[in-house]
Each structure stands twice: as structure tokens, then as C-alpha cells.
Amino acid sequence: MKPASFEFHRARSRAGAVELLTELADGDPKIIAGGQSLVAMMNFRLARPGHLVDITGIDDMTGIEVDGDRLRIGALTTHRTVEKAGLGVLSAAMRWVGHLPIRTRGTVGGSIAHADATAEWCMLAVLLDARIRVLGPAGSREIAAGEFFHGPFWTALEPDELIVEIVFPWPLPPAALTEYADRKGDFALVAAAVDLDRERTVLGGVGPVPLLVDSLDAEEIAAGLDVRDEPGVSAHYRRGLARTLVRRAVAEASP
Ligand code: FAD
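The rules behind these values
- Residues numbered from 1 in each chain as written.
- Predicted model: local features only at pLDDT ≥ 70, side-chain atom pairs only at ≥ 80, totals over all residues.
- Heavy atoms only, no water.
- Salt bridge = Lys/Arg side-chain N within 4 Å of Asp/Glu carboxyl O.
- Helix = DSSP H or I, 4+ residues; strand = E, 2+ residues; numbered from the N terminus.
- Buried < 20%, exposed > 50% of the residue type's maximum accessible area, 1.4 Å probe, protein only.
- UniProt positions renumbered as here; feature names shortened; annotations may be inferred.
- 1 Å grid on protein atoms, 1.4 Å probe; cavity = no way out; pocket = protein on both sides within 12 Å on 5 of 7 lines; lining within 4 Å.
- Points joined across faces, edges and corners; volume = space filled by probe spheres on them.
- Nonpolar A, V, L, I, M, F, W, Y, C, P; charged D, E, K, R; others polar.
- Contact = heavy atoms within 4.5 Å.

Going by what an unreviewed UniProt entry lists, the protein is known as Carbon-monoxide dehydrogenase medium subunit and is assigned to Pseudonocardia thermophila.

Next comes the structure, spelled out in C-alpha cells:
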């Protein structure tokens, strides 16, 4: 299918993007970054924005910087750039994100804003207590990842706000993310990420948002999951996947 008609706008600066979002508020504007999720949703008519605000021309929202005890990743940084950056669990986890062309265009900020419950960036942000820095008409604010994700495709972001960067604590702990999907490159059926220092696990695919559990015990975590039978995937199967994936993630993260 083709998308419904829309008007295209190019933002040249962060403030310019926010201005466009504010000015066009009555016409249901949407930011477009890598387009790897939004274009598919528009083609299926699951999203029908009246205006697209392209932010890829904003040159100060790309890049990775260590700033004291913080690692700052610009929202327009692609998954592929992080994959090649040698950043421990963040780089290693990128192998699970779609296929190479998707990782080459898709952005960290786009993943966080899109908020798929099994998206690797959403899980990593919750696991590592990242902060999402956003800019809106009233200025800039930071939102803790644990408070950012409200449900599938639903976040604390206001319609006129732009994600500017994602800030992780630095250095990163010994951690790993692993997952299972029926086909390579698909979103995971279940995914698990662990942080050995804080002895915590985040699971994807077992609820509407990444689920944070203060344990590394695979048996205990699997037994405590509130999952139901769904067509093609029984609760028993999903629990079993969670158990296996937590074990694997702990083994991968261990020195
Ligand atoms: P876009 O598609 O441009 O935008 C997505 C949403 O985010 C839109 O609502 C847009 O308005 C909003 N947005 C984008 N940037 C910002 C910003 N800076 N501030 C505020 N809002 C913003 N993703 C995974 O995580 N794991 C996978 O396994 C995976 N597999 C995929 C497989 C396929 C076949 C495809 C097509 C995609 C897959 N993706 C997967 C999605 C991919 O990672 C996308 O890159 C990502 O979800 C969105 O990033 P984007 O830059 O393409 O955002």
C-alpha cells in the first residue's frame, strides 16, 4: 500500500524542528528520522500524519561522546554506528536489530520514540537506567527510561517534543542482551538483558513495556512472569524462552 498524502518539511536545527511541530500541531505532524518504522506504518495506514518533519539534516544530533560519568548518544546516531563503536553491551546488542540496511538507516532516538516492547534500545535504556533528553517548546527536560515507556508505541514524549539524546551511565557494567525470533532479523518473541553489577534483568516480549526484575535467577524470573496463552505461543513456551534466554545472557555477560 501507499501512504495517505502528507506535506514534507525539513528541519535544519533542533529548535527549528520544535517550531515546526508546534506550528503544524493542528495537522498531526510527525518527526521522521531513519523512516524504518514510520514508513512501514504509513504504508499500512497505521499512521496517517498530515505533515512529516524530517530531522536528518540536523547536524548536532549525531554522535557518541563520553562526558565524565555519562555516555551521550545523539538521537540521530544509527544502530550501525553504535554496533561498530566498541561500546560493550550496546554494540553487541545491535546484532539483534533487524538486518544491516535497517541498522544503517534506523536511529537510536527513533527506536526509543517508537517504543516497541521488544526493541533492543528500549530494553537497554531501562536496564542501564538511561535518561532520555528531549526538547520542547518549554525547553529541555530529561526523563528516566524507567518512566518513559507507558505501553506499546506510547511514551512520556509530548507530540511537540523532540528526543535529542540518550544518556547512559558510564562506564557500562558487565551486561548482555540475547533473544529469540522465529526468523533472523525479526523483532524478538522474547528477549532478555542482564546487568551483573546491579543483578537485574530486563525482559522484552512478556508485557506491554520492557519488564525490569531485580534478579538474575532464571527459574525465579520465569516462574514469576504474568503471561497468557496466545495464538501460536503458549504461556509455557514463553516462560521457557525467558528462562533459557536469561541463563544465556548471564553466561554471555560473565567475565
Ligand atoms: P522512524 O521510523 O523515522 O520513526 C519512528 C517513530 O519515532 C516515529 O513515530 C517518529 O515520529 C519517531 N521519532 C523518530 N526520531 C525521533 C526523535 N528524535 N524524537 C522524537 N520522535 C522521533 N527495531 C528493533 O528495535 N529491533 C528489531 O529487531 C527491528 N527489526 C526490524 C525489522 C524490519 C524488517 C524493519 C523494517 C524494522 C525493524 N526495526 C527493529 C525498526 C528499526 O530499528 C527502526 O530503525 C527503529 O524502530 C526506528 O528508528 P527510525 O530512525 O527508523 O525511526
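What follows continues from the structure just given.
*Asks:* Could you give an account of the pattern of salt bridges, naming the residues involved and the relevant values?
*Replies:* Summed over the entire model, instances satisfying the criterion amount to 19 salt bridges. Of the charged contacts, one joins Arg133 and Glu165 as a salt bridge, the two residues approaching to 3.0 Å between their closest N and O atoms. Of this pair, Arg133 sits in strand β6 (residues 131-136) while Glu165 sits in strand β10 (residues 162-169), placing them 32 residues apart in sequence. Taking the relative accessible area as the measure of exposure, Glu165 reaches 9% and is therefore buried. In this structure, Arg198 and Asp195 form a salt bridge, with 3.1 Å as the shortest nitrogen-oxygen distance. Relative accessible area serves as the criterion here: at 0%, Asp195 is assigned to the buried category. Here the salt bridges do not stand alone but share partners, grouping Asp67, Arg72, Arg133 and Glu165 into one network.

*Asks:* I'd like a description of the UniProt feature "domain: FAD-binding PCMH-type" (unreviewed entry) in the protein, backed by residues and values.
*Replies:* According to UniProt, the feature "domain: FAD-binding PCMH-type" (unreviewed entry) maps to residues 1-173 in the numbering used here. Annotated as residues 1-173, this span is 30% helix and 27% strand, and its ends, taken at the C-alpha atoms, are 44 Å apart.

*Asks:* Tell me about the layout of surface pockets, and please be specific about residues and values.
*Replies:* Of the pockets and cavities examined, the largest pocket occupies roughly 1,200 Å³. Taken together, 48 residues form the lining of the largest pocket, with Ser37, Leu38, Gly110, Ala113 and His114 sitting closest to its centre. Looking at side-chain class alone, the lining of the largest pocket contains 27 nonpolar, 14 polar and seven charged residues. Space inside the second largest pocket adds up to approximately 270 Å³. Together, 16 residues line the second largest pocket, and Val206, Gly207, Leu211, Leu225 and Asp226 are the ones closest to its centre.

*Asks:* Which residues make up the side chain of Thr155, and what values do they have?
*Replies:* Locating Thr155 in the fold gives a position in strand β9 (residues 154-155). Thr155 sits in the buried class, given a relative accessible area of 12%. Excluding its chain neighbours within four sequence positions, the residues that come into contact with Thr155 are Ile112, Ala113, Ala115, Phe148, Phe149 and His150.

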